[in-house]
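# Residue-level structural notes
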Amino acid sequence: MENKIIDRRYEFILYYDVQNGNPNGDPDAGNMPRIDPETSKGIVTDVCIKRKVRNYVELAKKNETGFRIYVTEGAVLNEKNKEAYIVNKLKPVSKKLPKEIENSMKVTQFMTDNFYDIRTFGAVMTTEINCGQVRGPVQFGFSRSIDPIVQQDITITRMAVTNEKDRDKERTMGRKHIVPYALYRMEGYVSAAFAQKTGFGEADLELLWESLENMFEHDHSAARGNMATRKLIVFKHESELGNAHAHKLFELVKAENRKDGMPARAFEDYEIAIDKTGVPAGVELIERM
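Notes on the structure follow.

So, about the layout of surface pockets. Estimated volume of the largest pocket: approximately 340 Å³. Looking at the lining of the largest pocket, the elements with two or more residues in it are helix H1 (46–60) and strand E10 (172–190). The greatest single-element share of the lining of the largest pocket, amounting to eight residues, is contributed by H1. Within the lining of the largest pocket, the residues separate by chemical class into five nonpolar, six polar and nine charged. Considering only enclosed or pocket space, the second largest pocket measures out at about 210 Å³ in volume. Around the second largest pocket, the lining comprises 17 residues; the ones closest to its centre are Asp147, Pro148, Pro263, Ala264 and Arg265.

Here it is as structure tokens:
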């Protein structure tokens, strides 16, 4: 697909669920599942989902030009920033961009051209080797569970020990934090105006949708339990600035618990209702899955 820069605004709603897992542990609460203390609804941060998108792109586009990932595990960001100076035959000055505007634009352009996550989410690259700051066209909100969640703290045992001094112990104990079941909703935005600045194109957008649909398929672990994308609904505007307010579009989609007050334990316990008659002129509703 030709990577023509997008010229239309988009919003989207993502539904995903977790069963017997911890979708996003809170380090300030002993890694318990994140929660809104006033409503007891579960929370997953935008950064958590961006990490999964990055991981998917890194797998799907391995060694493909223009689809490297800037924020990777163990990455030394200054080393990546240095590449922009080497390619453009420039000498970096500590914490400063090149004085000439043309050269300053070149180093930033190198980063957006080569790193998918910078082109998509933006990045603050004002480190020791300065490549500027980019505001990305794609932004995620925090995910929130449809219903209040239960944070279960489960004791587990291990039939082995770590240290020689504990050899005579029959077993060692540990803890595991899970949510029995929860359906989460995340809302997101794609700005055509900012896409013009980073070069975010049609191929990049299609890869974003693909990532959101498949990111949990390559992220399974004992800690996260069974997680899956359940629904991706996209609102496509006819214009760059958009044809309707985002919050009005989001209000057209609702998830309702069909268990009559009983706790949900499967996606089938919910109904995703879409008011297609309320979609305003100039906006196309697309059900990706």
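Its location among the elements puts Asn81 in helix H2 (residues 77–87). With a relative accessible area of 0%, Asn81 lands in the buried category. Residues Asn81 and Trp209, spaced 128 residues apart in sequence, show a C-alpha to C-alpha distance of 28 Å. For Asn81, the contacting residues outside a window of four places in its chain are Tyr70, Met111, Met125, Thr127, Ile129 and Cys131. Here the side chain of Asn81 touches Tyr70 through a polar contact of 2.8 Å, side chain to side chain.

One can describe the packing of H1 onto helix H6 (residues 202–214) by two numbers: an axis separation of 9 Å at closest approach and a directional angle of 110°. Judged by the inter-axis angle, H1 sits roughly perpendicular to H6. On H6, the residues touching Ile49, Val53, Tyr56, Val57 and Ala60 of H1 are Leu207, Leu208, Glu210, Ser211, Leu212 and Asn214. For the contact of H1 with H6, the per-class residue count stands at eight nonpolar, two polar and one charged.

Attention shifts here to H6. Compared with the 18 Å implied by 1.5 Å per residue over 13 residues, the 18 Å span of H6 between its first and last C-alpha is a close match. Of all the positions in H6, only Ala203, Asp204, Leu205, Leu207, Leu208, Trp209, Ser211, Leu212 and Glu213 are classed as buried. In the core, the buried residues of H6 are packed alongside strand E1 (10–21), H1, helix H4 (116–121), strand E7 (138–140), E10 and strand E11 (226–237).

Rules behind the numbers
- Residues numbered from 1 in each chain as written.
- Predicted model: local features only at pLDDT ≥ 70, side-chain atom pairs only at ≥ 80, totals over all residues.
- Heavy atoms only, no water.
- 1 Å grid on protein atoms, 1.4 Å probe; cavity = no way out; pocket = protein on both sides within 12 Å on 5 of 7 lines; lining within 4 Å.
- Points joined across faces, edges and corners; volume = space filled by probe spheres on them.
- Helix = DSSP H or I, 4+ residues; strand = E, 2+ residues; numbered from the N terminus.
- Nonpolar A, V, L, I, M, F, W, Y, C, P; charged D, E, K, R; others polar.
- Buried < 20%, exposed > 50% of the residue type's maximum accessible area, 1.4 Å probe, protein only.
- Contact = heavy atoms within 4.5 Å.
- Polar contact = N/O pair within 3.5 Å; in protein donor to acceptor, adjacent residues only side chain to side chain.
- Axes fitted to C-alpha atoms, helices over the stretch in contact; angles between N-to-C directions.
- Parallel < 35°, antiparallel > 145°, perpendicular 65-115°, else oblique.
- Expected span 1.5 Å × (residues − 1).

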